[in-house]
Amino acid sequence: MPSSSLGELLAAVVARAVVDFEDRNAYVRGGSAVHAVATVRWLGDLEVPAPLCHVGVSGGELAALRPTTAPVTCRRCLRKQGADELAALPSTEQLPLFPFRR
Ligand SMILES: [Zn+2]
């Protein structure tokens, strides 16, 4: 096994990106909207920062994403953030965990 595989190089790039986007929002190169950042699974084991709404960028376009401290303006990101907050509230109605269990 080579000591520096492509996977390790990618992991280093991704680790740096995760630090860059920690506590940051992001805009996509060429766009004006500021997106919330979420990590998404990319190439199996790696988790990379990406717009929460998944618009415009796939993992392969990590370089198109720029960190910013500007507030989120993307409507879809804002809506998703709101949905997450709602989902985090304790639910009074429990859904069956395994609806298809035989
Ligand atoms: Zn967005």
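All residue numbers here refer to positions counted from 1 along the written sequence of the relevant chain. Owing to the predicted nature of the model, reporting of local features is limited to residues with pLDDT of at least 70; listing and counting of side-chain atom pairs is limited to 80 or more, with chain, interface and lining totals taken over all residues. In computing side-chain properties, one takes all heavy atoms of the structure into account and sets aside hydrogens as well as water.

1. Things to note about the overall build of the protein chain
Counting from the N terminus, the helices are the DSSP runs of H or I reaching at least four residues and the strands are the DSSP runs of E reaching at least two. Counting its secondary structure elements, the protein chain contains two helices and five strands. In sequence order, the protein chain lays out its α and β elements as α-β-β-β-β-β-α. The classification of residues rests on relative accessible area computed with a 1.4 Å probe and restricted to protein chains. Under 20% of the type maximum is buried, over 50% is exposed, and intermediate values are partly exposed. A total of 102 residues make up the protein chain; the buried ones form 27% of that total. Contact between two residues is taken to exist if any of their heavy atoms lie within 4.5 Å; hydrogens are not considered. Sequence-distant contacts in the protein chain: of pairs separated by 6 or more residues, those separated by 24 or more amount to 54%.

2. Here we look at the pattern of salt bridges
Think of a salt bridge as a Lys or Arg side-chain nitrogen and an Asp or Glu carboxyl oxygen that are within 4 Å of each other. One pass over the full model with this rule turns up one salt bridge. The salt bridge partner of E47 is R41, with a shortest N-O separation of 3.4 Å.

3. Examining the coordination of the zinc ion
In this analysis a donor is any N, O or S atom within 2.8 Å of a metal ion (3.2 Å for sodium, potassium and calcium), and since water is not included, sites may seem incomplete. Surrounding the zinc ion are the protein donor atoms H35 (ND1), C53 (SG), C74 (SG) and C77 (SG), which sit 1.9 to 2.3 Å from the metal. Key to geometry: four donors with every angle between 85 and 135 degrees are tetrahedral; four donors are square planar and six octahedral where opposite donors lie over 155 degrees apart and all remaining angles lie between 65 and 115; all other sites are irregular. Metal-centred angles of 105 to 116° between the four donor atoms at the zinc ion mark the site as tetrahedral. The class of C53 is buried, set by a relative accessible area of 11%. A residue is classified by how much of its surface remains accessible, and C77, at 0% relative accessible area, is buried.

4. What to know about the side chain of T68
Mapped onto the fold, T68 is located in strand 5 (residues 65–68). For T68, a relative accessible area of 15% translates into the label buried. Polar contacts, as used here, are pairs of N or O atoms within 3.5 Å; protein pairs need one atom able to donate a hydrogen and one able to accept it. Residues neighboring in sequence count only if both atoms are side-chain atoms. Polar side-chain contacts of T68 include one of 3.0 Å to the backbone nitrogen of A70. Discounting chain neighbours no more than four positions away, the residues touching T68 are R24, N25, A26, Y27 and V34.

Geometric values such as these leave the question of function open.
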